[in-house]
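# Structural description and commentary
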Amino acid sequence: MFDQDGRLDPFLKTLLYGVFALAIGKMLWTWLTGTAVAWILNSPWAWLTEHPWWAALICAGALAMLVAVTRAVLVVLGFAGGYAVPLPPAPLAQEPDPAEEGVTFRMRELAAMSPTEFEEACAQLLVRDGFTGVQRVGGAGDLGADVRAVDGDGDLVILQCKRYRARVTSGHVQQFNGTARPHHGADVAIMIGLAGFTEPAATFARQHHITVLGHDEIKKWAHGTHLYRAVNVLT
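Rules used throughout
- Residues numbered from 1 in each chain as written.
- Predicted model: local features only at pLDDT ≥ 70, side-chain atom pairs only at ≥ 80, totals over all residues.
- Heavy atoms only, no water.
- Helix = DSSP H or I, 4+ residues; strand = E, 2+ residues; numbered from the N terminus.
- Buried < 20%, exposed > 50% of the residue type's maximum accessible area, 1.4 Å probe, protein only.
- Contact = heavy atoms within 4.5 Å.
- Areas by Shrake-Rupley, 256 points an atom, 1.4 Å probe, with all protein chains shown as cover.
- Disulfide = S-S within 2.5 Å.
- Core = buried A, V, L, I, M, F, W, Y, C linked by side-chain atoms within 4.5 Å.
- Phe/Tyr/Trp six-rings, centres within 6.5 Å; stacked < 30°, edge-to-face > 60°.
- Salt bridge = Lys/Arg side-chain N within 4 Å of Asp/Glu carboxyl O.

Of the regular secondary structure elements, the chain holds nine helices and five strands. Counting the 235 residues in the chain, one finds 29% classified as buried. Considering only contacts within the chain whose residues lie at least 6 apart along the sequence, 56% involve residues at least 24 apart. When the accessible surface of the chain is split by element, carbon and sulfur atoms take 64% of a total near 15400 Å².

Below, the structure is given as structure tokens:
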């Protein structure tokens with residue numbers, strides 16, 4: 001019924017909208033063919049015949065208002081001898097600041113990304129959370145460091161981002177453990193697995209003080225929760 005981002009299935013949403021539309025349409029049709037028609041045919045006509053001068057005055061006022069509105073529209077469009085009021089120039093587009101924009105991602109968006117795009121998305125989320133010196137350094141020869149940043153306490157954070165369809169295994173965590181602190185000097189080592197981690201991988205990570213983010217933690221982080229509040233950071 002709901003997708004992994006907690007939103008109602010599009011087919012069910014369309015079906016519900018259709019049911020509501022039919023119900024409202026039936027109510028309107030009943031009202032128009034019953035009460036409304038009788039009122040339109042009887043009450044207004046009786047009032048008009050009893051108050052002809054007021055009726056004529058109201059019709060004249062409505063006609064004058066219609067003429068005025070029509071002319072105003074023509075003037076704005078540049079017709080009827082008028083001119084269009086020039087609009088002020090649009091401000092120059094500026095590169096949005098992710099920290100100010102409140103960057104968020106849906107899980108299906110992350111799942112559709114390439115590995116490089118996934119790393120860049122993680123870097124944007126770090127910027128949003130107030131980390132400084134954020135750099136995406138992933139690529140050939142990165143030795144397990146896809147993103148590096150500095151947190152509010154001045155600690156160096158090293159992220160490895162795995163956008164795998166299968167769960168991350170213990171072997172991958174062991175490789176990251178061998179480079180995160182000894183080679184990169186990480187104070188906080190974080191491994192991100194979009195599909196989660198196997199139990200041996202999660203156990204090894206706890207034993208070696210590596211923070212892992214699986215599907216549920218990534219969802220919290222991507223939807224707006226600070227990284228350190230989305231998971232218990234091990235330092």
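Alright, that's what it looks like, and here's the rest.
Before going further, it helps to examine the state of the cysteines. Evaluated as defined, the whole model comprises zero disulfides. With no disulfide of its own, Cys122 lies 3.7 Å from the sulfur of Cys161, the closest cysteine sulfur.

We now examine the side chain of Ser170. Counting through the fold element by element, Ser170 comes out in helix H6 (residues 170-180). The residues touching Ser170, leaving out its near neighbours within four places in the chain, are Thr198, Pro200, Ala201 and Phe204.

If you look at the biggest cluster of nonpolar residues, it comprises 28 residues, and the most contacted ones within it are Leu110, Leu159, Ile192 and Trp221. For this core, the secondary-structure elements that each account for two or more residues are helix H4 (107-111), helix H5 (115-128), strand S2 (147-150), strand S3 (156-162), strand S4 (188-193), helix H8 (215-222) and helix H9 (227-230). Counting residues per element, this core draws most heavily on H5, at six residues. Excluding residues that lie within four positions of it along the chain, Trp221 makes contacts with Cys122, Leu125, Leu126, Arg128, Asp129, Leu159, Ile192, Leu213, His226, Leu227 and Ala230.

Let us now look at the packing of aromatic side chains. Per the counting criterion, the structure on display carries one aromatic pair. Consider the rings of Phe131 and Tyr228, whose centres lie 5.5 Å apart with planes at 90°: the pair is edge-to-face. One end of the pair, Phe131, is in the loop between H5 and strand S1 (132-136); the other, Tyr228, is in helix H9, and 97 residues separate them in sequence. Look at Phe131 and you get buried, because its relative accessible area is 6%. Judged by its relative accessible area of 24%, Tyr228 falls in the partly exposed class.

Pairing between side chains of opposite charge can happen when their charged atoms approach one another. With the rule as written, the count across this model stands at four salt bridges. Linking Arg136 and Glu119 is a salt bridge whose minimum nitrogen-to-oxygen distance equals 2.7 Å. In this pair, Arg136 is assigned in strand S1 and Glu119 in helix H5, connecting sequence segments 17 residues apart. Of the charged contacts in the structure, one is a salt bridge between Glu120 and Arg136, with a shortest N-O distance of 4.0 Å. A residue pair is termed long-range when its members are at least 10 positions apart, and Glu120 in helix H5 and Arg136 in strand S1 qualify at 16 residues.

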